[in-house]
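Listed here are the chains, written in short residue letters.
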Amino acid sequence: MTSTVSSYRASGAERHAKATLVAAVLGFFVITLDATIVNVALPSIRDALGGGITGLQWVVDGYTLMFAALLLSAGALSDRIGARKAFAAGLAVFVVASLACALAPSLPVLVAARVAQGVGAAITMPTSMALVRHAYPDPGPRARAVGVWAMGGALAAAAGPVLGGVLSLVSWRMIFFINLPVGIITLLLLSRAPHSPTRPAPFDWIGQITGILAMGGLTFGAIEAGEAGFTSPKVIISLLMAVAALAAFLTAQARLAHPMVPMSLFRSRTVVIATGIGFAFMVGFYGLPFVFSLDFQQQHGLSALGAGIAFLPMMVLSACLTPFSSRITERTGPRVPVVTGLVLMAGGAIALALVPASFPVWASALLLIPVGLAGPLVMPPTTAVLLEHVPAEQTGTASGVFNTSRQIGGALAVAVFGALISTPAGFQQGLRISLVLAAAVGLAAAVAATRMAAAHRTP
């Protein structure tokens, strides 16, 4: 009788764990999807709501900026109220904001709703990982569950452009409406998840406010410079505000008893290099799809669906390589795949910068493949090395810093590249300069990666 009861409890716990995992994967999937699905719909959004390149940049960066700015604080919120409650709150904000995006009557309203989406996404992402950790306390099952969770993000990145193109055939608003049923299903599954543990976690208000001001000022200045020029008073003021806020942020983090980002974390060369790699990777992986979504549709006359299909080889091959990333790293160590991935990304960007404007879309799609392959080669081993070289009590903070650097890289890429293609020099000239910048950043990160700490190599 006792064994029957134990078996029933075990099977019940397993069902709850699986429901929790599915909820975490769906949550991670939908917030990752929203970072990539919008790119191919940008021309349709402009046709419906007006606005130039600057407005489209804010549609993308409104989401990414708040995602980056609140990631670090989301960990403290998760600890304070529990991962389950925090995940539910973040996803609820995301779903409501998605509805506001879908119904937006004007571009400013859409941008504001995208900012709210970014708030929800910032809370959802780290708490989804925390849910998985709590549901699978044993290392073996937890490692497999984390692998499934990571695949959810990879599939979302791969599906985003094509799904965005398909939904845009009906209306660009559908790319936001689709979040509603997914979000509701996720919340229903979450009701079966066990309650998460809580612990007191101080909140660094000074760090959070100055961090938002620094990132917001820098992004605003870079975006507006494309239309108004770098000598514009509003651009100069925003950039000066960013510098002042950054100085205040660094001062606060060095002096506060419970800083959001302990400066001691950056005494490790590996942490600094890994953070830089995350930033550099997203400059190419996020910035290039943004400019080529516009290039394929504005310069080559493709539909949103056609542009999405053009990204399909890049995204699908990236997703297919992802399951093999850990095996490659085990055999070669982390440096080889990371350096190889960054060089591939830089090589693809350089090749695209050298081709003429009349280059066919299918050939450009092939040259984007190395950019996609960089994802599974660079990100998993860099993440593993980062977490391997920080104290156990700082793994959450280190992960938050790493993911924040990635989001900042993506936001700045959209801001700077969008500004470049908006200058009087013309779209194609701006596109080429953007590609050269992406290549330079990728090569600099590849050189830095050669000095990344070595890891144990499996024979």
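Please read these numbers as outputs of a predicted model, since none were measured by experiment. (Residues numbered from 1 in each chain as written. Predicted model: local features only at pLDDT ≥ 70, side-chain atom pairs only at ≥ 80, totals over all residues. Heavy atoms only, no water.)

**Q** Can you lay out the packing of aromatic side chains for me, pointing to particular residues and giving the numbers?
**A** Both the distance between ring centres and the angle between the ring planes are used here to describe each pair of aromatic rings. The tally for this structure, following the rule as stated, stands at six aromatic pairs. Ring centres 5.6 Å apart and planes at 50° place the aromatic pair Phe292 and Phe296 in the tilted group. In this pair, Phe292 and Phe296 both sit in helix H11 (residues 269-299), four residues apart, roughly one turn of the helix. Side by side, Phe292 and Phe296 carry an identical accessibility label, which is buried. An aromatic cluster of three or more residues is present, and its members are Phe292, Phe296 and Phe311. (Phe/Tyr/Trp six-rings, centres within 6.5 Å; stacked < 30°, edge-to-face > 60°. Helix = DSSP H or I, 4+ residues; strand = E, 2+ residues; numbered from the N terminus. Buried < 20%, exposed > 50% of the residue type's maximum accessible area, 1.4 Å probe, protein only.)

**Q** Residue-level account of the environment of Trp149, with values.
**A** Mapped onto the secondary structure, Trp149 falls in helix H6 (residues 139-168). Along the sequence, Trp149 and Val132 sit 17 residues apart, while their C-alpha atoms lie 8.2 Å from each other. In this structure, Trp149 is in contact with Ala24, Val25, Phe28, Met125, Ser128, Met129 and Val132, ignoring residues within four places of it in sequence. (Contact = heavy atoms within 4.5 Å.)

**Q** I'd love a proper account of a nonpolar patch on the surface, names of residues and values included.
**A** A surface patch of nonpolar side chains, amounting to about 420 Å² of accessible area, comprises Trp205, Ile209, Leu213 and Met241. For the nonpolar patch, the element with the highest residue contribution is helix H9 (residues 205-228), accounting for three residues. Of note, Trp205 is situated in helix H9. Residue Trp205 is classed as exposed on the basis of its relative accessible area of 58%. (Patch = residues over 30% accessible without salt bridge, like charges linked within 9 Å, V, L, I, M, F, W, Y side chains within 5 Å. Areas by Shrake-Rupley, 256 points an atom, 1.4 Å probe, with all protein chains shown as cover. Salt bridge = Lys/Arg side-chain N within 4 Å of Asp/Glu carboxyl O.)

**Q** Any details on the pattern of salt bridges? Residues and values, ideally.
**A** One pass over the structure, following the stated rule, counts two salt bridges. Here Arg114 ties to Asp34 by a salt bridge, and the two come within 3.4 Å at their closest N and O atoms. Of the two residues, Arg114 sits in helix H5 (residues 107-135) while Asp34 sits in helix H1 (residues 2-36), which places them 80 residues apart along the sequence. Each of the two residues, Arg114 as well as Asp34, counts as buried.

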